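Chain and residue survey
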Amino acid sequence: MSDLTPPKAAKKDHFTTHHGIERNDPYHWLRDDNWQQVMRDPDVLDKEIRTYLEAENDYFEAHMEDSADLRERIYTEIRGRIKEDDSSVPFKDGDYAYFSRTLEGQQYSQICRSDRDGGNETVLLDMNKEAGEGYFRSGGAAHSPDHKLVAWSADRNGSEYFTIYVRDVATGDELKDEIASTTGGVTWAADSKSFFYTVQDDNHRPHKVFHHTLGDNPSNDKLIYEEPDSGFFLGVGKTNSGNYIIIDSHDHETSEVRFIDAHTLGAPTLVAERKNGREYSIDDADGVFYIRSNADGAEDYKLMTAPVDNPGIENWQDLVPHRPGVLLKGYFLKSRYLVRKEEFEGLPRIIVRDLKNGQEEEISFKEEAYTLSVSAGYEFESDEIRYYYSSPTTPPQVFDYRIDSKARTLLKTQEIPSGHNPDDYVTRRLFATAPDGAQVPVTILHRADFEPNGKAPLLLYGYGSYGMSMSAGFSISTLSLVDRGMVYAIAHIRGGMEKGYNWYTSGKKHNKKNTFNDFIAAGEMLVEQGYTSKGNIAAMGGSAGGMLMGAVANQAPDLFASILALVPFVDVLNTMLDDTLPLTPPEWPEWGNPITSKEDYEYIASYSPYDNIEAKDYPAIFVMAGLTDPRVTYWEPAKWVAKLREHKTDHNSLILKTHMGAGHAGMSGRFEKIKETALAYAFALQTTNGAK
């Protein structure tokens, strides 16, 4: 194989029949029968599959060789915008304050502690020392209520199986309490002598909650709850007061909650049994549970209350009623206040409610597009909250807000060492009209001296699944595109929740094609408005957004110059037909179940990117995958690329990079991630016209 000759995958017949429909999938062989073991140990991958993936990697490197200088410049620019030696704003908790720190030249962060008002800083965990030479991903760290211990976790191959460790703060030594194959999170009991955690089955589904007492052999840990439904996930956490351990069973549209007194550690108590389509979550204050739910047709959610000692649904009482179009995204309790986050017309706001008199205060901003989040901190009795604000032109800012005095204090604005002038950039919020008349929000960032004459290239980003809203926040990376004359745009398409819960449901299951139509409509609107021209758009998306990339490449290939598909979920039908694969049963509420429903089968088959490849010209396509990815298994992008090579009639680039020791999140380490970004951006710039 010469450097610029693409690999050609072998074809091996693989016939299946569902609902009387026979299909042949000649690239099925790329799915290793031993895939579960490959997730834990990549070295056991079938030799023939490894040979093909490595040939694709060699071709990828050869194809991208001429972009080396551009990639290095982009990498240097992005890294130059990072203050490498930086610290987060500390959160106070009792006698101490906790924060994270990054050091110049180091890939990972440190977890640190100081006295409450500063001084006597201690490094509790240095992830740079823990990482070693290979893949490393931290699953987070949680200090015990008595501040003597830190539980933390790590994934060392990208498979998202985390091992939990417990460190003695005074000595810096690890205890013998090491627990493998967990989801990574730890929830401490109130006495600091034990904690709760979840483990995953062989299909990567969190399905059991265990209680571990320090010093005990983990093999003897007490099973607290096992989820019997293969379509449900388990999570464990704690109310903000610290009074209750919360066990949450859920899929994408139904939930069921149990709670345990964090002090007495009795048996779990069920709040309300699961009912298909009903979701709810709980927090507490002063003997009352506050419940966010879509019960009684509250599509955009409402808040209710119930007594802790009798929390059944028959006792749920409305506190903040349902308001159609005002999406209640989240909430938490302080001892005297209720804090909730809402979205209206795609813009976020924070509402603070006095629990005693019901008075409310709104925190919002005036830019056309921005992102806003809020944190409770560690201290339940405090009258202070912290919120975070940014926009495409404004670097992230951290504020403390005193609820009693309504005083806002700016604690930190992200420093851009290489310099950044917000006045050099413009953020716009426009709307595209979808084929069915829906108005699709589009956030745009460009240079202040930009002229909408249709000559500029444009990168259009989209996701549109699981109700996830795409924030319009600041990105140090995208400036490297915009500064070269490219326009950067985010299409807030259906399948997300930018315009309420209906925006989500109108882009899932048998409405999924709205997601793709919205994205194409956004691109066409940007052409009509002079922000770019047809055939000069680089489209980008990852995971379920990678499915979007595959679908629009099939549906409107001439609109795009290139497609950047990162860990793309492109083999939708085959994956949803295989209930042995990671996460498939929990995904049926999102996509439909083609095993039991012919209607679901036919609808998924009508848009699944892999199943709709045709003999025609396609845009240039850039694909990245991870061998140990449990969310989008490596063979999906590999099969997609192999089939595209067989059928496409153009000579445009088609390249696949599979990380042979990483998973869904790509390479570990903050600088390695920048290199990945630079690689993708170089491809986008080289395949569009007009960038400087």
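In this text, all values refer to a predicted model and were calculated from it rather than measured experimentally. (Residues numbered from 1 in each chain as written. Predicted model: local features only at pLDDT ≥ 70, side-chain atom pairs only at ≥ 80, totals over all residues. Heavy atoms only, no water.)

With that out of the way, let us pick up the overall build of the chain. Scanning the chain from N- to C-terminus turns up 13 helices and 39 strands. Looking at the chain alone, contacts between residues at least 24 apart form 56% of all its contacts between residues at least 6 apart. In the form shown here, the chain has an accessible surface area of approximately 27,300 Å², with 45% of it arising from carbon and sulfur atoms. The average position of the 73 basic charges and that of the 107 acidic charges among the side chains of the chain differ by 2 Å. (Helix = DSSP H or I, 4+ residues; strand = E, 2+ residues; numbered from the N terminus. Contact = heavy atoms within 4.5 Å. Areas by Shrake-Rupley, 256 points an atom, 1.4 Å probe, with all protein chains shown as cover. Lys, Arg positive; Asp, Glu negative; His and termini not counted. Charge placed at Lys NZ, Arg CZ, Asp CG, Glu CD.)

In this structure, the second largest pocket encloses a volume near 370 Å³. In terms of lining residues, the second largest pocket is bounded by 24 residues, among which Pro-90, Phe-91, Lys-92, Glu-384 and Arg-386 are the most central. Every element with two or more residues in the lining of the second largest pocket is listed here: strand 4 (91-93), strand 5 (96-102), strand 29 (384-390) and strand 30 (397-402). (1 Å grid on protein atoms, 1.4 Å probe; cavity = no way out; pocket = protein on both sides within 12 Å on 5 of 7 lines; lining within 4 Å. Points joined across faces, edges and corners; volume = space filled by probe spheres on them.)

On to the sheet that holds strand 28 (residues 371-375), then. Strand order in this open sheet of four strands is 28-29-30-31, and the pairing throughout is antiparallel. Of all strands in the sheet, those bounded by a partner on one side alone are strand 28 and strand 31 (407-413). Strand after strand, the sheet turns through a mean of 25° between neighbouring axes, direction not considered. As defined by bridge partners, strand 30 adjoins strand 31 across six bridges and the pair is classed as antiparallel. Note on strand 31: the bridge partner recorded for Asp-400 is Thr-409. (Pairing = 2+ DSSP bridges. Axes fitted to C-alpha atoms, helices over the stretch in contact; angles between N-to-C directions.)

Turning to the pattern of salt bridges, a few remarks are in order. As a working rule, side chains carrying opposite charge can pair if their charged atoms are close by. Enumeration according to the criterion identifies 47 salt bridges in this entry. A salt bridge links Glu-227 to Arg-274; its shortest N-O distance comes to 2.8 Å. Remark: Arg-274 occurs in the loop between strand 19 (269-270) and strand 20 (280-285) and Glu-227 occurs in the loop between strand 15 (222-226) and strand 16 (233-238); sequence separation between them is 47 residues. Given a relative accessible area of 2%, Glu-227 falls into the buried group. A salt bridge links Lys-598 to Glu-602; the nearest nitrogen and oxygen atoms lie 4.0 Å apart. With Lys-598 and Glu-602 both in helix 11 (residues 598-607) and four residues apart, this pair spans about one turn of that helix. One connected set of salt bridges, linked through shared partners, spans Arg-323, Arg-340, Glu-342, Arg-349, Arg-353 and Glu-360. (Salt bridge = Lys/Arg side-chain N within 4 Å of Asp/Glu carboxyl O. Buried < 20%, exposed > 50% of the residue type's maximum accessible area, 1.4 Å probe, protein only.)

Here strand 36 (residues 537-542) lies mainly inside the structure; six of its six residues are buried. Alternating residues of strand 36 divide into Ile-537, Ala-539 and Gly-541 and Ala-538, Met-540 and Gly-542, and every residue in both groups is buried. Pairing analysis gives four bridges linking strand 34 (residues 458-461) to strand 36, with the strands arranged parallel. Residue Leu-459 lies in a different strand from strand 36, and its bridge partner there is Ala-538. Across six bridges, strand 36 lies against strand 37 (residues 560-566) in parallel orientation. What sits directly across from Met-540, in strand 37, is Leu-564.

A word on the nonpolar core. With 118 residues, the main nonpolar core has Leu-460, Phe-519, Leu-526, Phe-560 and Phe-622 as its most contacted residues. At ten residues, the largest contribution of residues to this core is made by helix 13 (residues 670-687). Setting aside its immediate chain neighbours within four residues, Phe-560 contacts Phe-519, Gly-535, Ile-537, Ala-539, Val-552 and Pro-619. By size, the runner-up hydrophobic cluster in this structure holds 16 residues, among which are Ala-376, Tyr-389, Phe-399 and Ile-403. (Core = buried A, V, L, I, M, F, W, Y, C linked by side-chain atoms within 4.5 Å.)

Right, let's talk about the sheet that holds strand 26 (residues 347-354) for a bit. Pairing in this open sheet of four strands is antiparallel, and the strands run 24-25-26-27 from one edge to the other. Every interior strand has two partners, whereas the edge strands, strand 24 (326-333) and strand 27 (360-363), have only one. In this sheet, adjacent strand axes meet at a mean angle of 25° when their direction is disregarded. As paired elements, strand 25 (residues 337-344) and strand 26 share eight bridges and run antiparallel to each other. Across the sheet, residue Glu-343 finds its bridge partner in strand 26, namely Pro-348.

With that out of the way, let us pick up unusual backbone geometry. Phi is positive for Ser-192, close to 65°, though the residue is something other than glycine. Note on placement: Ser-192 falls in the loop between strand 12 (187-188) and strand 13 (194-200). On the basis of relative accessibility, which here comes to 5%, the residue Ser-192 falls in the buried class. With a phi angle near 60°, Lys-406 is a residue other than glycine that sits in the positive phi range. Relative to the assigned elements, Lys-406 resides in the loop between strand 30 and strand 31.

Right, let's get into the environment of Leu-566. For Leu-566, the position within the fold is in strand 37. Between the C-alpha atoms of Leu-566 and Trp-635, which are 69 residues apart in sequence, the distance is 13 Å. Apart from the residues lying within four places of it in its own chain, the contact partners of Leu-566 are Met-540, Gly-541, Gly-542, Ser-543, Phe-622 and Met-624.

Another aspect to go through is the packing of helix 2 (residues 47-63) against helix 12 (residues 635-647). One way to put it is that helix 2 packs onto helix 12 with a least axis distance of 12 Å and a crossing angle of 70°. Considering their axes alone, helix 2 and helix 12 lie roughly perpendicular with respect to each other. Relative to helix 12, helix 2 is oriented so that their crossing is left-handed. Within the contact between the two elements, helix 2 uses Tyr-52, Leu-53, Glu-56 and Tyr-59 and helix 12 uses Ala-638, Val-641, Ala-642 and Arg-645. Its residues assigned to classes, the contact of helix 2 with helix 12 comprises six nonpolar, no polar and two charged. (Parallel < 35°, antiparallel > 145°, perpendicular 65-115°, else oblique. Left-handed = near helix turned anticlockwise from the far one by under 90°. Nonpolar A, V, L, I, M, F, W, Y, C, P; charged D, E, K, R; others polar.)

This next bit is on the side chain of His-143. Relative to the elements of secondary structure, His-143 occurs in strand 8 (residues 137-143). Here His-143 falls in the buried class, since its relative accessible area comes to 14%.

Time to look at the packing of aromatic side chains. By the definition in use, this model includes 30 aromatic pairs. Residues Phe-365 and Tyr-370 carry aromatic rings whose centres are separated by 5.9 Å and whose planes lie at 70° to one another, so their mutual orientation is edge-to-face. Taken individually, Phe-365 and Tyr-370 each receive the classification buried, so the pair is uniform in this respect. Centroid distance Phe-622 to Phe-683: 5.3 Å. Interplanar angle 45°. Geometry classified as tilted. One end of the pair, Phe-622, is in strand 38 (residues 620-626); the other, Phe-683, is in helix 13, and 61 residues separate them in sequence. Taken together, the ring pairs in this structure connect Phe-365, Tyr-370, Tyr-387, Tyr-389 and Phe-399 into an aromatic cluster. It is Arg-386 that lies over the ring of Phe-91; its NZ or CZ is 4.2 Å from the centre. (Phe/Tyr/Trp six-rings, centres within 6.5 Å; stacked < 30°, edge-to-face > 60°. Lys NZ or Arg CZ within 6 Å of the ring centre and 35° of its normal.)

Residues lying three or four places apart along an α-helix face the same way, a consequence of the helix completing one turn every 3.6 residues. Here helix 3 (residues 68-80) spans 18 Å end to end across 13 residues, near enough to the 18 Å set by a 1.5 Å rise per residue. For helix 3, every residue scored as buried is listed here: Leu-70, Ile-74, Tyr-75 and Ile-78. Buried residues of helix 3, viewed axially, fall in a sector of 135°; they line one side. Looking at the packing, one finds that the buried side of helix 3 touches helix 5 (479-482) and helix 13. (Expected span 1.5 Å × (residues − 1). Arc of directions from axis to C-beta.)

By themselves, these are just geometric observations and shouldn't be taken as functional.
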